[in-house]
Amino acid sequence: MSTNTIALSELPASRPFTLRLHEWVTTVDHKRLGMLYILFALAFLIVGGIEATIMRVQLIRPHNDLVSPEVFNRMFTMHGTTMIFFVAMPLVFGFANYLVPLMIGARDMAFPRLNAFSFWITALGGLFLYFSFLGGNGLYGAGSAPDVGWFAYAPLTAKTFSVGHSTDYWTLSLLVSGIGSVGTAINIIATILCMRCPGMTLGKMPLLAWLNLTMAGLVILAVSPLTAAQLMLLIDRYLGGHFFDTQAGGSAVIWMHFFWIFGHPEVYVLVIPAFAFASEIIPVFSRKAIFGYPVMVLATVSIGFISMSVWAHHMFTVGMTSGANTFFVLSTMAIAVPTGIKIFNWLATMWGGKIRFATPMLFCIAFLFQFLVAGLTGVTLAVAPFDWQLGNSYYVVAHFHYVIVGGILFTSFAAFYYWFPKVTGKMYNEGLGKLHFWLFFIGFHLTFDFMHVPGLLGMPRRIYTYEPGRGWDIWNLIATVGVFFQAAGVLVFVGNLLWSYFRGTAAGNDPWDAWTLEWSTSSPPPEYNYAVIPVVRSRRPLWDLKHPEDPDWRYE
Amino acid sequence: MSPTTIFSPASTPAQSILGLSIFALLTVAAIFIIVFALLAYALVRFRNKNSDDRSEPAQIYGSSQVELAWTVIPVLIVIALSLATARVIASVQDAPRPPGALEVIVTGHQYWWEYRYPKLNIVTANELHVPLSDPAHPYPTFLTLLSADTDHSFWVPRLAGKTDLIPNHPNSMWIDPHETGLFLGQCAQYCGTQHAKMLLRVYVQPREDFDRWVREQQQLPQGSTEAAATSAGRRVFESTACVNCHTVSGTPARSNFGPDLTHLMSRDTIAAGAVPNTPEMLRLWIKNPRAIKPGSKMPAMGLSDQDLDALTAYLETLR
Amino acid sequence: MSTLSVSIHNRNLDWRLPSRGRVGMHCLIAAEAAIFTIFVVAYLFYIGKSATGPQPKDVLHPPIFYTVCLLASSLTMHAAVRKLVAGSMAAFAGLWLLTIVLGGAFLYGTAREWIHLIFDDGLTISTNLFGTTYYSLVGLHAFHVTMGLLALIIVALFYFAARLRREHAERLEILSMYWHFVDAVWIVVFTVVYVVGV
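Thresholds, definitions, all that
- Residues numbered from 1 in each chain as written.
- Chains lettered and ligands numbered in written order.
- Predicted model: local features only at pLDDT ≥ 70, side-chain atom pairs only at ≥ 80, totals over all residues.
- Helix = DSSP H or I, 4+ residues; strand = E, 2+ residues; numbered from the N terminus.
- Domains from an automatic or database assignment.
- Contact = placed C-beta atoms within 7 Å.
- Nonpolar A, V, L, I, M, F, W, Y, C, P; charged D, E, K, R; others polar.
- Pairing = 2+ DSSP bridges.
- Axes fitted to C-alpha atoms, helices over the stretch in contact; angles between N-to-C directions.
- Parallel < 35°, antiparallel > 145°, perpendicular 65-115°, else oblique.
- Left-handed = near helix turned anticlockwise from the far one by under 90°.
- Buried ≥ 20, exposed ≤ 12 C-beta atoms within 10 Å, placed from the backbone.

Asker: Looking at this structure, how should I read the environment of R163 of chain C?
Answerer: Here R163 of chain C lies in the loop between α5 (129–160) and α6 (169–196). Sequence-wise, R163 of chain C and T99 of chain C are 64 residues apart; in three dimensions their C-alpha atoms are separated by 20 Å.

Asker: Can you walk me through the domain arrangement of chain B in this structure?
Answerer: Accessible area lost during the coming together of the parts is what is often quoted as the interface size. Residues and elements named next belong to chain B. For chain B, the assigned domains read domain 1 (1–43 + 63–200) and domain 2 (222–315). At the interface, 15 residues of domain 1 touch 14 residues of domain 2. Sorting the residues of the side of domain 1 that touches domain 2 by element identifies β2 (112–117) and β3 (122–125) as the ones contributing at least two each. Residue composition of the side of domain 1 that touches domain 2, grouped by class: seven nonpolar, five polar and three charged.

Asker: Explain the sheet that holds strand β4 (residues 127–131) of chain B to me, please; I cannot follow it from the model alone.
Answerer: Consider a sheet: its strands pair through backbone hydrogen bonds, and that pairing is either parallel or antiparallel. Residue and element names in this part refer to chain B. Pairing is mixed in the open sheet, where three strands are placed in the order β4-β10-β9. The open sheet is flanked by β4 and β9 (181–186), the only strands paired with a single partner. Between one strand axis and the next, the sheet turns through 25 degrees on average, direction left out of account. Alignment of β9 against strand β10 (residues 199–205), held across six bridges, turns out to be antiparallel. The partner of G181 across the bridge, within β10, is V204. Here helix α3 (residues 207–218) sits on the sheet in contact with β4 and β10, set at roughly 130 degrees to β4.

Asker: Is there a simple way to think about the interface of chain B and chain A in this case?
Answerer: Contact with chain B, which involves 75 residues of that partner, is made by 73 residues of chain A. Per element, the largest residue contribution to the side of chain B that touches chain A is 16 residues, and it comes from helix α2 (residues 64–93) of chain B. Residues that form the side of chain B that touches chain A fall into these classes: 40 nonpolar, 27 polar and eight charged.

Asker: Is there a simple way to explain the packing of helix α8 (residues 293–307) of chain A against helix α9 (residues 322–350) of chain A in this structure?
Answerer: A pair of packed helices is characterised by two quantities: the angle between their axes and the separation of those axes. Residue and element names in this part refer to chain A. Contact pair α8 / α9: the axes reach a minimum separation of 9 Å and the direction vectors enclose 155 degrees. Put simply, α8 runs roughly antiparallel to α9. Handedness of the α8/α9 crossing: left-handed. Taken together, the residues of α9 that come into contact with α8 (itself represented by V295, M296, A299, S302, I303, I306 and S307) are S331, A334, I335, P338, T339, I341, K342 and N345. Tallied by class, the residues present in the contact of α8 with α9 amount to nine nonpolar, five polar and one charged.

Asker: What am I meant to see in the environment of P63 of chain C here?
Answerer: Residue and element names in this part refer to chain C. Tracing the chain through its elements places P63 in the loop between α2 (56–59) and α3 (64–86). Taking the number of C-beta atoms within 10 Å as the measure of exposure, P63 has 20 and is therefore buried. In this structure the C-alpha to C-alpha distance between P63 and L123, which are 60 residues apart in sequence, comes to 17 Å. Beyond its immediate stretch of four places on either side in the chain, P63 contacts G109 and E113.

Asker: Would you take a moment to explain the pairing of β4 of chain B for this structure?
Answerer: Every regular strand shows the same layout, with side chains that alternate between the two sheet faces. All names here are of chain B. For β4, a buried count of five out of five residues is recorded, marking the element as mostly surrounded by other parts of the structure. Residues E127, H129 and P131 of β4 are buried on one face, and the alternating residues L128 and V130, pointing to the opposite face, are buried as well. Pairing geometry for β4 and β10, over five bridges, is parallel. Residue pairing in the sheet places V130 in a bridge with V204 of β10.

Asker: Any chance you could explain the arrangement of the chains here in plain terms?
Answerer: Of all two pairs of chains that touch, the greatest number of contacts is found between chains A and B. Separated without contact, chain B and chain C have their nearest C-alpha atoms at a distance of 12 Å.

Asker: Could you clarify how one ought to interpret the sheet that holds β2 of chain B in this entry?
Answerer: Residue and element names in this part refer to chain B. A sheet is described by the order of its strands in space; here five strands give the open sequence β3-β2-β1-β5-β8, paired in mixed fashion. Edge positions in the sheet fall to β3 and β8 (171–175), since each of these pairs with one other strand and no more. Averaged over neighbouring strand pairs, the angle between their axes works out to 25 degrees when direction is ignored. Bridging between strand β1 (residues 102–109) and β2 involves five bridges; their strand directions are antiparallel. Each residue of the ladder has a partner; that of V106, found in β2, is Y115.

Asker: Looking at this structure, how should I read the interface of chain A and chain C?
Answerer: Taken together, the 48 residues of chain A in the interface contact 35 residues of chain C. Broken down by secondary-structure element, the contributors of at least two residues to the side of chain A that touches chain C are α5 (166–194), α6 (207–239), α7 (252–286) and α16 (541–546) of chain A. Here the side of chain A that touches chain C takes 10 residues from α6 of chain A, the largest share from any one element. Classifying every residue of the side of chain A that touches chain C by side-chain character gives 31 nonpolar, 13 polar and four charged.

Asker: Could you clarify how one ought to interpret unusual backbone geometry in this entry?
Answerer: Note: most peptide bonds trans; most residues except glycine with negative phi. Here the amide bond leading from A154 of chain A into P155 of chain A is cis, since omega sits at -10 degrees, within 30 degrees of zero. For P155 of chain A, the position within the fold is in the loop between α4 (112–135) and α5. Residue Q110 of chain B is joined to Y111 of chain B through a cis peptide bond whose omega torsion reads 5 degrees. Among the structural elements, Y111 of chain B can be located in the loop between β1 and β2. A positive phi angle, close to 70 degrees, is found at N126 of chain B, a residue other than glycine. Along the polypeptide, N126 of chain B turns up in the loop between β3 and β4. Phi is positive for N168 of chain B, close to 65 degrees, though the residue is something other than glycine.

See below:
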C-alpha cells in the first residue's frame, strides 16, 4: 500500500518490471482495474474479429470451402459469445470503473477488493472459454470449442446432441464471468448511491452516472436468470436432470424464455453505457448542455424497466399464442418510444450549438445516424408477422450488428478518444483518429448496410455455405469486402493508441474545455483522484467555474 | 428474381405479411428521412465556423412543448403499427382450418424433412407436394410441425413466414399457394452441423397433377414386387445396415431415422436438396456422404464397388 | 491548466448518503431473488407434468418443525444483533449460537427428508420432472442456508477469539439481511413445493 501515493506518471521509470507487474496484478484501484478491463476487451475484440473474418471469407461465394461446417459453427458460436461477454461487457465495466468515481467526485469504487475479484474472475471466464479449443475433446473425443450458437438452444445442448465437453466450456465460462458481472454491478450501484461528493444530488450527477446506474440494475436482474438457466443445463447434462430434456417431457421453449429474459436486457446493458458516452461527448463538442436532462433520465429508467418485458420478441416463430405474440409486439413497440426520444434530445443538444468535428464527435455523429437506422429496423422486426419472415435471417444479423457495432462500438471508440488524454496524459494523433474513423465507417456500411438484403431474399443465419441462384451472392461478397476496411481501421486505432501513449504531446487537465469533474484533476489523475473532495452545485461544476457570471445552478 | 424473396408472395400468409411489412417499411422510411434530414441540417448549419471563436452559444436546457410533441407523435405511430400488426397476427395464426384442407405432418430431423399425409396414407421425404389453391375454391394445406431431435424451422419465404419445429411442442402453419411451380426455402433454426443443407422444396401442382402424384405415391414401387425380391441390389439393401434407418414399403426395411425411400426416384434431389438425384450422385452419397454433406447422419457404408453398383441399380427401381 | 479547485462555495451541507454495505447487500439480495425466481418458475411450470415416477402428493410431507426452526432463527438473529448494539456480549453470543443451531437443524431436516425420498421413495434428481425441479429448488435454497451458516460460524469464531466488538453491529445487521432473505425464500419455496404443487 505504501508505494501508491503518487500519480503513475510521476514514479521513476527505473522500478523493476516485476514490481510494476505485481502492482497491476494486485491493484484494487478503480482506474487500473478499468484499464485492465478495457485492454482485456481490446484483445478479445481482435480475436472475435478474426473469427468474424473467417466466417465472412467462407461466405464470400456460394459453396466455398475455406472451412468445414464444424469449424464454421464453432466460429459463429465463439464470435458471438466472445463479443458479447468478453468484449462488450468488459468495455462497459471498464469505462464505468474508470469514470464513475471520478465523475461523482469519489476516490474509488465502494468495494475495491470486490472490484478486483470481479475483473479477475471475468478474465478467468474468458480464458476458460478459449481453453476449449485445446481441452474440449473430453472423454468422447468429440467437439472442441462450443458450436451450439451463442444462445445455446435446447435440446441441441443436451448430452445426446452435444457430445463431449464443448458445451460445458460455454456454460461454465459464462457462469464464472457472470459472477464477476454481478459483482461489478453491485459495486457500481453502491458507489453511485453512497459515494457522491457533497452537493451532487441524484438530479445533479452526470448522465453517465445515471445510465451506468440503470445498466447495473439491469445486470443484477438479468444476468441472474442466465446463471439459473446454466445451472439447470449443467444439472441436465451431468446429474440426469430433465429441465430441457424433451424426450422426458421437458421443454425446449422454457430454455428460450429463460435465456431471452437474460438476453434482451443484456443488449440494453450494452447499449445504455453507449448512450452515456454520447450524452457526455455530444454536449461538449456542441458547446451546449444536454437538452432535457430530466427526460433523458426518465427515458433511460423507462427503457430499463420496459426491457424486462420484451424478451419473447426473439421467439415470435416458436409457436406462442396470438395473444402472447401481440403482447410482445406492444411491449417492444413501447420501448421504441423512450429510445427514439433520446435521439431527439441529442439532436436538440446539437441544435443551436457550435459543433466541433474532432474524432470523438465524428464517432458520435455516426452513432446517431446508425443508431437511428438500427432502432428503425428493430421496429420493423417488432412487427411479429414481418419477423416470421425475417427472424433468424441475415436481416436480424444486420440489425443487431448495426446496434452493437454501429451503436456501441462507435461510441466506445468515441469514448476512447475523448478520455484517452485524461487516462494517459497524452493527446492522441488527430490525423490517425480521423483515418480510423473513415476506414471503419466505410467498412461498417459496406458490410452491414448490404447485409440486410440477403435476409429480405430468404437467407437464414448460421449457415456455413449457401446455394447459388438465390440472389445472395453479390451481397455476401460486398459484406466480406467491408470486413477488410474495418480491420484496417482497427489496426490504425491500435497503432494510434500505442504511438500516442509513448509519443503523444502532453494533454493537460482539460484539453476539450469540458464541464464534468474528471477534467478538474490532473491527467492522468493521482491515485486518490482528488486532493480535496469537490463540492458541487450544478450538473456542470466546471461550467460554473468557467462562467461565474452565468452558472448552471441558476437555471436548473 | 430471387426464388426466396419475401417480396413475391404466392400464398395468403406471405401476402398478408408483405402488405403489413410494406406499411411498416414505409413508416420507418419516412421517420428516417425526416430525422436524417434534421441531423444533416444541424451538422451543417451549426458547425463551428471559426476555430478561434471561443464564445459559447446560448445554453438551452430543455423545452416542455418540444419534448411533449416528440413523445406524442412516436406514441401515435406505435399505436397505429401495433393495431395493424395485431390484425395480421390474428388472421394468419388463428385462421380456422376448413374441413377439406389437406393435412401434412412435417417432422424435422437432423438434417432432412419427413412428410406424412395421414389421410392419404403417404410418407415421403424432403420434397413436399401440395395442390394449387384457387382463391375462388380454396384448397389450403395445413402443416403440423414436429421434431424428432433438435429445433428446426420451416421457411419458404414466398409461401409463408417461418414456424419452428420444436420437439415436444407441436406447431402448425398453413399455406394456400395461388401459383404452380417449385418453391424453395431451407431450415431456419440452427439444428447442428448440416443445418445449412437442410433445404426445402415445395412443389405446387394443379389438382389433376397432384392427384396423380398421390396415386403414384400410394402404390408400391417396382422394386418392392416379388420379381425384384431376388435382385442383387435388394439383397445388399436388406442384408446391410440400410434397413436400420430407412423404410421401403413392401420390404422388411422399416425405420424413420432416415428418409423413406419407397419412392426415392420420384424426387428430383437427394440429401435434402443438397445434390440432384442422379445415379452418380446417389452412388457417391452411399459411398461417401461426407463428400456431399459432411456431418450428416448418413454413414459411409463401406461397400465394395460391385455391391455399390447393384445397390444403386436397385434404388433406381424405387419410382 | 492547473488543477481547478472545485469547492466554489463553502456552504455547510448536511450530506448523508446510505451505507455502502446496506446498498450492496440489497443488490446481492435482488440478484439472488432473480435466480430463485427462475427456479420457482420452472417448478411451477412443471407441476403435474411428470408422466412417471413418484408424484408430490405421494411422497412429500411438509417439514413444519424444521420450517419453524428456520423462521425462528431469524427472530433469534434479530434479537442477537439488538443485544450486540446494547453491548450485552454474552446475551448476543447465546442468541447467535442458538441461531446457528436452528439453521443447522433446518439443514439436518432437509438431509433427513432427502434420504427418505431417495432411498425409500425412489425419487432422485433424474427420476422425473418433479425430481429434477424439487431437488434443484430445495437444494439451491439449502446451499444458500449453508453459505449463511458458514458466515454465522465465522462470526462466532471471531467472537470466541475476542475480536468481535459492539462497533461490528452494523456489519452483523447487514449479514442478518442475507439471513432474513434466505428465510423469506424458504417461505416461498415451502408454499410452492408443499402447498401449491401437491
